Amino acid sequence: IRCVLVALVLQKVFETNNPWAVGGIAFLLNLLGTIEAVVNKSKKRYNHMASSTTGFSSVLFGMLCSTIPVSIIGIRFAMAVEPFWKPEQYIPIVGMLCGGTISGIVVSVSYALREIYDNRDKVEMYLAFGASRFEACRPVAREALRLALTPTINQMSVIGIIAIPGMMTGAILGGSSVQQAARLQMVIMFMISASTALASFITTIITLAVVVDSEDRLRPDRVDVREHPVWRARNWLFGRALDGVKRIVQSCRG
């Protein structure tokens, strides 16, 4: 059903061929990706990441600052598409970049928060010996970025040797030459890698800047390990509804 609805919307956008409509769809994809990363994927969040405009916008900012510039540069210069916002090329590519970016953000932020909340001894030791928060958090940030980029790097290492990727297969089935399909796949993979790396870097820096404050103090109290407020509200509503049903059943029996 979702694929059918997306197809209907994209068909209208393709027919209008309007850059503002294309920009709106690109922003919507990033917004939905941010909601997915913050609400559904993250098990730990820093304070206000889930509930305030500032925290939510920091994740959205990381996605927009990675997917939009990378897609524009890649389509305009690497793929030589003019204008770069042609909906048939731009929207699918932004969608693929958002998919990779979500995974990178979730992995990097989750690792950074887990280290600060569960294994904070090393960071506290660096701070106790006079290190700045950037120096103390550098090993955490380095490992978070490594973990975030590992799936993309592993995928790049097997492309063309073990697995023929979907973009290349689709281009070949669509009538493109094998050389053109391979070039397109290489460009797409480099764009996904760049977008994932940039988004992971931005969100990791923001996360560590929140959980280690400007006075070089570790703040594990700013890490929220509870469920997202959306799911807590859902569970509360279900609980109230279940209690109401039980009272009605008991009154009927009485």
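The structure we're discussing is the one just above.
In this text the structure is predicted, and so the values were computed from the model without any measurement.

What counts and what doesn't
Residues numbered from 1 in each chain as written. Predicted model: local features only at pLDDT ≥ 70, side-chain atom pairs only at ≥ 80, totals over all residues. Heavy atoms only, no water. Helix = DSSP H or I, 4+ residues; strand = E, 2+ residues; numbered from the N terminus. Areas by Shrake-Rupley, 256 points an atom, 1.4 Å probe, with all protein chains shown as cover. Lys, Arg positive; Asp, Glu negative; His and termini not counted. Charge placed at Lys NZ, Arg CZ, Asp CG, Glu CD. Axes fitted to C-alpha atoms, helices over the stretch in contact; angles between N-to-C directions. Parallel < 35°, antiparallel > 145°, perpendicular 65-115°, else oblique. Left-handed = near helix turned anticlockwise from the far one by under 90°. Contact = heavy atoms within 4.5 Å. Nonpolar A, V, L, I, M, F, W, Y, C, P; charged D, E, K, R; others polar. Phe/Tyr/Trp six-rings, centres within 6.5 Å; stacked < 30°, edge-to-face > 60°. Buried < 20%, exposed > 50% of the residue type's maximum accessible area, 1.4 Å probe, protein only. Lys NZ or Arg CZ within 6 Å of the ring centre and 35° of its normal. Salt bridge = Lys/Arg side-chain N within 4 Å of Asp/Glu carboxyl O. Core = buried A, V, L, I, M, F, W, Y, C linked by side-chain atoms within 4.5 Å.

Caption draft 1: Fine view of the overall build of the protein. The secondary structure content of the protein amounts to nine helices and two strands. For the protein, the succession of helices and strands along the chain, N to C, is α-α-β-α-α-α-α-α-α-β-α. Dimensions of the protein along its principal axes, counting C-alpha atoms only, are 65 × 65 × 40 Å. Taken as a whole, the protein presents about 14700 Å² of accessible surface, with 64% of it coming from carbon and sulfur. Taking the average location of the 26 positive side-chain charges in the protein and that of its 17 negative ones, the two points are 7 Å from each other.

Caption draft 2: Structural context of the packing of helix α5 (residues 121-128) against helix α6 (residues 133-158). Packing of α5 against α6 leaves a shortest axis separation of 9 Å and a crossing angle of 155°. With respect to α6, the axis of α5 lies roughly antiparallel. Here α5 runs over α6; the crossing is right-handed. Contact residues: Val-123, Tyr-126 and Leu-127 in α5; Arg-133, Ala-136, Cys-137, Pro-139 and Val-140 in α6. In the contact of α5 with α6, the residues fall into seven nonpolar, no polar and one charged.

Caption draft 3: How the structure looks around the packing of aromatic side chains. Under the defined criterion, the tally for this structure stands at one aromatic pair. Ring geometry for Phe-84 against Tyr-90: centres 6.1 Å apart, planes inclined by 65°, an arrangement best described as edge-to-face. The partly exposed category is assigned to Phe-84, whose relative accessible area is 27%. Given a relative accessible area of 4%, Tyr-90 falls into the buried group. If you follow Arg-76 out to its NZ or CZ, it ends over the ring of Phe-77, 5.5 Å from the centre.

Caption draft 4: Representation of the pattern of salt bridges. Here the structure, examined in full by the defined rule, presents four salt bridges. With a closest N to O distance of 2.9 Å, Glu-82 and Arg-76 form a salt bridge. In this structure, Arg-146 engages Glu-143 in a salt bridge whose closest nitrogen and oxygen atoms are separated by 2.5 Å. Of this pair, Arg-146 and Glu-143 are both found in helix α6, three residues apart, which corresponds to roughly one turn of the helix.

Caption draft 5: Spatial organisation of the side chain of Thr-196. Along the chain, Thr-196 turns up in helix α8 (residues 178-211). If we ignore the near neighbours within four places in the chain, the residues touching Thr-196 are Gly-100, Thr-101, Gly-104, Ala-148, Leu-149 and Thr-152.

Caption draft 6: Summary view of the nonpolar core. Counting residues in each nonpolar core, the largest one holds 44 residues, and the members touching the most others are Ile-116, Val-123, Met-191 and Leu-208. The set of elements that each furnish at least two residues to this core consists of α2 (19-41), α3 (53-78), α4 (87-118), α5, α6 and α8. The element best represented in this core is α4, accounting for 14 residues. Excluding anything up to four places from it in sequence, Met-191 contacts Val-70, Ser-71, Gly-74, Ile-75, Ile-93 and Leu-97.

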